[in-house]
Amino acid sequence: MHITTDQQNFMREALKEANKAHEIDEVPIGAVVTLNNEIIGRGFNSVIKQNDPTCHAEIVAIRAAGQYLNNYRLPHAHLYVTLEPCVMCLGAIFHARIEHVFFGASEQKFNSCDEKNNLVNNRLINHQTLFSGGVLSEECGEMLTNFFQKKRST
């Protein structure tokens, strides 16, 4: 996949959101939703602070985008997230009709966006989303690695 400057810039915005999570001692994952090359939603992990297991960066950004558009459907929108989405977030992505998801670091344990897992290319799902990984993967992965190394050492 050829990564464009716009894609890198939007992922940098997602990294800024991840820094906000890090500042409140949450797992540093951030996300932005774009439409027509404009950011319409932002989010970062806040599950602990909000006491809400659904407050993943992707969900928060999708909620914000839905509020911005006054619509729960986000056709033609793109989601940029610093870590490969989990299964819960995939459900929200499909339901919102996100057109394309770009993620930074791969989630090594489950790899939910790997086409071999039959989650992202399952024809039983009535909406198909494109998934592209590796956008600023080193920066995204480093942020997570550093966070967990620090957690383990304390």
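Reading the values: the criteria
- Residues numbered from 1 in each chain as written.
- Predicted model: local features only at pLDDT ≥ 70, side-chain atom pairs only at ≥ 80, totals over all residues.
- Heavy atoms only, no water.
- Helix = DSSP H or I, 4+ residues; strand = E, 2+ residues; numbered from the N terminus.
- Rg over C-alpha atoms; globule rule 2.2 N^0.38 Å.
- Buried < 20%, exposed > 50% of the residue type's maximum accessible area, 1.4 Å probe, protein only.
- Areas by Shrake-Rupley, 256 points an atom, 1.4 Å probe, with all protein chains shown as cover.
- Lys, Arg positive; Asp, Glu negative; His and termini not counted.
- Charge placed at Lys NZ, Arg CZ, Asp CG, Glu CD.
- Salt bridge = Lys/Arg side-chain N within 4 Å of Asp/Glu carboxyl O.
- Contact = heavy atoms within 4.5 Å.
- Pairing = 2+ DSSP bridges.

K.L.:
Is there a simple way to explain the overall build of the chain in this structure?
P.N.:
Within the chain, the regular secondary structure consists of five helices and five strands. Secondary structure elements of the chain occur, N-terminal to C-terminal, as α-β-β-α-α-β-α-β-β-α. The C-alpha atoms of the chain give 14 Å as radius of gyration, which agrees with the globular expectation for 154 residues (15 Å, within 12%). Seen along its three principal axes, the alpha-carbon backbone of the chain occupies a region of about 45 × 35 × 30 Å. Evaluated residue by residue, the chain yields a buried proportion of 44% over its 154 residues. Working note: accessible area of the chain is about 8500 Å², and carbon and sulfur atoms make up 50% of it. Seen as two clouds, the 14 positive and the 17 negative side-chain charges of the chain have centres 4 Å apart.

K.L.:
Is there a simple way to think about the pattern of salt bridges in this case?
P.N.:
Pairs may arise between side chains of opposite charge once their charged atoms sit close together. Overall, the coordinates contain five salt bridges when judged by the stated rule. Notably, a salt bridge pairs Glu 13 with Arg 42, separated by 2.8 Å at the nearest N-O pair. Taken together, the residues span a long stretch of sequence, with Glu 13 in helix H1 (residues 5-23) and Arg 42 in strand S2 (residues 38-44) at a distance of 29 residues. Accessibility expressed as a relative area gives 18% for Glu 13, which makes it buried. Judged by its relative accessible area of 33%, Arg 42 falls in the partly exposed class.

K.L.:
What exactly am I supposed to notice about the environment of Lys 49 here?
P.N.:
When you line up the elements, Lys 49 lands in helix H2 (residues 47-50). In this structure, the C-alpha to C-alpha distance between Lys 49 and Ile 29, residues 20 residues apart in sequence, is 14 Å. For Lys 49, the contacting residues outside a window of four places in its chain are Ile 24 and Glu 26.

K.L.:
Looking at this structure, how should I read the pairing of strand S1 (residues 30-35)?
P.N.:
Consecutive residues of a regular strand have side chains that alternate between opposite faces of the sheet. Burial analysis of S1 places six of its six residues in the buried class, the great majority of the element. The two faces of S1 match: Gly 30, Val 32 and Thr 34 on one face and Ala 31, Val 33 and Leu 35 on the other face are all buried. In this structure, S1 lies alongside S2, joined through six bridges in antiparallel fashion. Paired with Gly 30 across the bridge in S2 is Phe 44. Counting the residues that bridge the hairpin from S1 to S2 gives two residues, and of these Asn 36 lies at a positive phi of roughly 55°. Pairing of S1 with strand S3 (residues 78-83), which is carried by four bridges, proceeds in the antiparallel orientation. Its bridge partner lying in S3, Thr 34 is registered against His 78.

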